[in-house]
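Structure assessment
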Amino acid sequence: MIRTFLLFVVIFTLGCNKDDDNPNPSNPNVIPYQEGLTTNYITINNITRKYLVYRPTGMTAVNAVVTVLHGGGGLGIGVSEIGAHPLSVFRTIADNEKFLVVYPEGSLDIQGNPGWNDCRSDDISGSQGDDITFLKQLNSKLISELNINSNKMFLTGTSNGALMTYSYAFQFPETIKAIAVSSGNLPEFPESGICTNGSNLPLPILITHGTSDPAMPANGGCVADIGGNCNRGKVISQTATLNYWLQRNGLQNINPTISTFNVNTTDAGNVEKRIYSGAKPLIYFILNNAGHAVPSKTVYTNSSPASGVQNRDIEYAEEVWNFFKGLQ
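To start, this report covers the structure provided alongside it. Every chain is numbered on its own, with residues counted from 1 as its sequence reads. Local features in a predicted model are, by the rule used here, given only for residues with pLDDT of at least 70; side-chain atom pairs are given and counted only at 80 or more, and totals for whole chains, interfaces and linings are based on all residues. Just so you know, side-chain values use all the structure's heavy atoms and leave hydrogens and water out.

**Section: the pattern of salt bridges**
Put simply, a salt bridge is a Lys or Arg side-chain nitrogen that is within 4 Å of an Asp or Glu carboxyl oxygen. Here the structure, examined in full by the defined rule, presents 8 salt bridges. One salt bridge connects Asp131 with Arg49, and the closest N-O pair in it is separated by 2.6 Å. Of the two residues, Asp131 is situated in helix H4 (residues 131–146) and Arg49 in strand S2 (residues 47–55); the sequence distance between them amounts to 82 residues. We call a residue buried when its accessible area falls under 20% of the maximum for its residue type, exposed when it is over 50%, and partly exposed in between, using a 1.4 Å probe and counting protein chains only. Exposure remark for Arg49: the relative accessible area of 9% places this residue in the buried category. Across the pair Asp123 and Arg232 runs a salt bridge whose closest N-O atoms are separated by 3.0 Å. Remark: Arg232 occurs in the loop between strand S10 (221–222) and strand S11 (234–235) and Asp123 occurs in the loop between strand S6 (114–115) and H4; sequence separation between them is 109 residues. Its relative accessible area of 8% is what places Asp123 among the buried residues. Starting at the N terminus, helices and strands are each numbered in turn, a helix being any DSSP run of H or I of at least four residues and a strand any DSSP run of E of at least two.

Below you can see the structure in the form of structure tokens.
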């Protein structure tokens, strides 16, 4: 009887220690996302929202989460597909650096295409969903389930996604460490409330912008004004946008370190890089004669009258990650 009891105890103990799905269930660093690219959902005010998560192979702990916002009309899955979009390069970099990449999908605009309801009050054809609540709750969800804090959370976006990144920085800057934007100016007519009188909390930022961007004019004006009705609203100039962030980060009296380079002589022009050093630094890339596309050395974007010519002297994802990594 005693022998049988002891045998049962041994078998029970071995069985309790076996857990193929989670070898260490008490470890708070266990990542609740499978390796590779997975599709996930979160419900916000009874509306199901989609986001993709890329977990590199061999990643066992979360040292950073980079959330990437697509442009207007772009699917999250589209910008995450390797080789299809420059924002997919974040996945390639994550394979070596072992950080988590998140690609949320925006709400639908009046054409039925995904976009972001940013702070433009005069964007009458854009998305009208509650994207700010979606991104805030997604950010909170990731922090909670990954057992990390806001110092490991980073946000970047292009075009409409860049303006949404700005919108988030007005409203919840304390929940992220830093931001980066490609081809985005601040709205000329922001919505009332927090979009107009939002937080002035300094926030490290990296900005890239083409001087010949027809969709997000460097001198300000109508966004993507293909039909001539200015129905996507107006933005201020890139210089005014830069000055806003210099003042917000206390860098308006800082002389930047400037360098120029022209790695690919077949694109539109060279690049001027300005580094404004400080407690909350700012890096600004002027892409001379370049258009609206995210700059990339490895993923080519076709030129068009609506978007202009892509700059191919820098790899946006690489520059952004190096910036974010340097803040940790």
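**Side note on empty space enclosed by the protein**
Here the term cavity refers to a set of points on a 1 Å grid, laid over the protein atoms alone, in which a 1.4 Å probe fits but cannot get out; the term pocket refers to an open set having protein on both sides within 12 Å along at least five of seven lines, with lining residues being those that place an atom within 4 Å of a point. Grid points are joined across faces, edges and corners, and a volume is the space filled by probe spheres set on the points. A full pass over the atoms with the stated rule returns 1 cavity of 30 Å³ or more. There is about 80 Å³ of room inside the largest cavity. For the largest cavity, the full set of lining residues is Thr67, Leu135, Leu138, Asn139, Leu142, Phe154, Leu155, Tyr168 and Ile176. Broken down by secondary-structure element, the contributors of at least two residues to the lining of the largest cavity are H4 and strand S7 (153–158). Ranked by residue count, the leading element in the lining of the largest cavity is H4, at 4 residues. Side-chain classes are defined by residue name, with Ala, Val, Leu, Ile, Met, Phe, Trp, Tyr, Cys and Pro counting as nonpolar, Asp, Glu, Lys and Arg as charged, and the others, Gly among them, as polar. In the lining of the largest cavity, the residues fall into 7 nonpolar, 2 polar and no charged.

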